[in-house]
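# Working through the structure, step by step
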Amino acid sequence: MSEQNFDIVVLGGGSGGYAAALRASELGFTVGLVEKDKLGGTCLHRGCIPTKALLHSAEVADVARDSSKYGVNATFESIDIAGVTSYREGIVAKKYKGLAGLIKARGITVIEGEGRLTSPTTVQVGDQTVTGKNVILATGSYSRSLPGLDIGGRVITSEQALQLDFVPQKVAVLGGGVIGVEFASVWKSFGSDVTIIEALPHLVPNEDEAMSKGLERAFRKRGINYSLGVRFQGVTQDENGVVITLEDGKTIEAELLLVAVGRGPSTANLGYEEVGVTMDRGFVITNDRLETNIPGLYAVGDIVPGLQLAHRGFQQGIFAVEEIAGLKPVLIPDVNIPKVTYCDPEVASVGLTEAKAAEEYGADRITSYEFNLAGNGKSEIIGTTGNVKVIRVNDGPVIGVHMIGARVGELITEGQLAVNWEAYPEDLAPLIHAHPTQSEALGEAFLHLAGKPLHAL
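What counts, and at which threshold
Residues numbered from 1 in each chain as written. Predicted model: local features only at pLDDT ≥ 70, side-chain atom pairs only at ≥ 80, totals over all residues. Heavy atoms only, no water. Pairing = 2+ DSSP bridges. Helix = DSSP H or I, 4+ residues; strand = E, 2+ residues; numbered from the N terminus. Contact = heavy atoms within 4.5 Å. Axes fitted to C-alpha atoms, helices over the stretch in contact; angles between N-to-C directions. Polar contact = N/O pair within 3.5 Å; in protein donor to acceptor, adjacent residues only side chain to side chain.

## A closer look at the sheet that holds strand β9 (residues 170–174)
The strand order across the open sheet built from 5 strands is β8-β15-β9-β10-β11, with neighbouring strands paired in parallel fashion. In this open sheet, the two edge strands, each paired with only one partner strand, are β8 (155–156) and β11 (225–228). Summarising the sheet, β9 and strand β10 (residues 193–198) pair through 5 bridges and their orientation is parallel. What sits directly across from Lys-170, in β10, is Asp-193. Docked against the sheet, helix α6 (residues 178–190) engages β9, β10 and β15 (256–259), running at close to 170° with respect to β10. Helix α7 (residues 209–222) rests against β10 and β11 of the sheet, and its axis sits at about 140° to β11.

## Quick word on the sheet that holds strand β12 (residues 232–237)
Pairing in this open sheet of 3 strands is antiparallel, and the strands run β12-β13-β14 from one edge to the other. The sheet is open, and its two borders are formed by β12 and β14 (251–254), each paired with just one other strand. Here the strands of the sheet are splayed against their neighbours by 20° on average, with no regard to which way each runs. Of the strand pairs in this sheet, β12 and strand β13 (residues 242–246) are connected by 5 bridges, and their pairing is antiparallel. What sits directly across from Gln-237, in β13, is Val-242.

## Overview of the environment of Asp-248
Inspection of the secondary structure assignment puts Asp-248 in the loop between β13 and β14. For the pair Asp-248 and Gln-233, spaced 15 residues apart in sequence, the C-alpha separation works out to 8.7 Å. One polar contact links the side chain of Asp-248 to the main-chain amide nitrogen of Lys-250, over a distance of 3.0 Å.

This is the structure in structure tokens:
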């Protein structure tokens, strides 16, 4: 048995864990980072980065098909899935190498192996005992399924979807949230016949309803099928494919079924309950400063109830370390963390939806405005439709920004600044957006809410 001692021990090297380790190193703490797989976690290896690489390949395929619209004579032949895989894996490998180099350069000790919490200050990794004055739990999440729905054969999760060495001719997607619509978008661009099954009334149901309806229109135009408002009942499979049955008796046949019903916290059999950590359905419960019920023991990222986003993990990892250091970091509530769904078209948002804003402030105390991207020159040039919606309190600040359209994920940071700094549209109206850019659409919405629209009536 060997023992290592650090100021801070981080259990998990994904987005939240490695961000915590990097910030701790910057602040002069000694850091032990425990990781059973590869630094970067789900986001880098099986989530954010590889799926966005797939989506870019999909975008290139669509541009090739439509090239004549732009006066370019090109021919779309086929998807070379081996080439797509090579491109995707190359991106991941490069980012992984860079991250590993950064961790090493910062003097962070990486302990490889599966860690288990054995006390509020110790993590056991094989025959090594790793002790810290503080421990941060950051063990991430896994692809969930539904009760009674077994993963295997032709019923797959996003992890298996990434590894496919063929493009399915016909595929069903169970779940119309972020993961589901992103894979549906990729497969449609690759030439698959796609059907999404969502039990709630809308696709991306956590978004503002106007954005959800906009995505449904766009997917319908693209030929992506979807069933909304009816629950999944069961699936059978054989060597030829799957047959999905819905509760209304409708059946859907496909080659594969992708189960994309969300992610669960990876906390089982890691010693949390035995040490006395308060849990709820597998999630670690913390106070608003990310400290568990055990003083000095913190949790960050997907294991903490709320949005499961890599950048929330980054923010929480940094926050927990700064809290340990006594820096009193600023708390950003989940509702004010930007969200992006990277399908085609993209959906991006921050702050309250119109329904939530009306619920919180009263419908008569808020005003919303939607600027259609048809009025934006750069959007017309790149061939996208969509809109930008801004919600304000009357005679008060911007409290919600919602967008749909190609590349709008690149615009949401400005929306984040407006919402989190509680900016009034009148404050923002004098600020200039470069022309021609898609960001002008956000500027136009601010101008309209300030009472002085330029390119709109």
